[in-house]
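So the chains spell out like this:
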Amino acid sequence: MNKEILERLELAGHYQKKALRALFPEEMGEHLDVIEQELKAMFMELAAEAVKQYNTSKKETAEESNTKTNVKKVDIE
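Residues numbered from 1 in each chain as written. Predicted model: local features only at pLDDT ≥ 70, side-chain atom pairs only at ≥ 80, totals over all residues. Heavy atoms only, no water.

## Quick notes on the overall build of the protein
Scanning the protein for helices and strands turns up two helices and zero strands. Here the protein holds 77 residues, and 3% of them are scored as buried. Within the structure as shown, the protein displays about 7900 Å² of accessible surface, and the carbon and sulfur contribution to it stands at 59%. (Helix = DSSP H or I, 4+ residues; strand = E, 2+ residues; numbered from the N terminus. Buried < 20%, exposed > 50% of the residue type's maximum accessible area, 1.4 Å probe, protein only. Areas by Shrake-Rupley, 256 points an atom, 1.4 Å probe, with all protein chains shown as cover.)

Structure, rendered in structure tokens:
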């Protein structure tokens, strides 16, 4: 993606956040901050778990391909 599109997406996200906050009374601002932090933490955990599973499956696939080649080790004297 080019830089301009990323900047527009970031600006759109900022406006979405402001619009959501406008729906609730100002007194709930602190609650929304806590909810936002919790959601960020949850997504970070999900991303970390996805990377961990991807790396594990990639490693298992590599090990399986090594064992399925039916290569026989031969000692040459």
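## Quick look at the pattern of salt bridges
The final tally for this structure, using the stated rule, is four salt bridges. Salt-bridge contacts for glutamate 36 lead to lysine 17; the nearest nitrogen and oxygen are separated by 3.1 Å. Of this pair, glutamate 36 sits in helix α2 (residues 29–67) while lysine 17 sits in helix α1 (residues 3–22), placing them 19 residues apart in sequence. On the basis of relative accessibility, which here comes to 23%, the residue glutamate 36 falls in the partly exposed class. (Salt bridge = Lys/Arg side-chain N within 4 Å of Asp/Glu carboxyl O.)

## Quick look at a nonpolar patch on the surface
Together, Ile35, Leu39, Met42, Phe43 and Leu46 make up an exposed nonpolar region whose accessible area comes to about 520 Å². Mapped onto the elements of the fold, methionine 42 is located in helix α2. (Patch = residues over 30% accessible without salt bridge, like charges linked within 9 Å, V, L, I, M, F, W, Y side chains within 5 Å.)

## Description of α1
Relative to the 28 Å expected for 20 residues at 1.5 Å per residue, α1 spans 29 Å between its end C-alpha atoms, a close match to the ideal helical length. The residue sitting at the N-terminus of α1 and contributing the capping side-chain oxygen is asparagine 2; that oxygen lies 3.1 Å from the backbone nitrogen of glutamate 4. (Expected span 1.5 Å × (residues − 1). Polar contact = N/O pair within 3.5 Å; in protein donor to acceptor, adjacent residues only side chain to side chain.)

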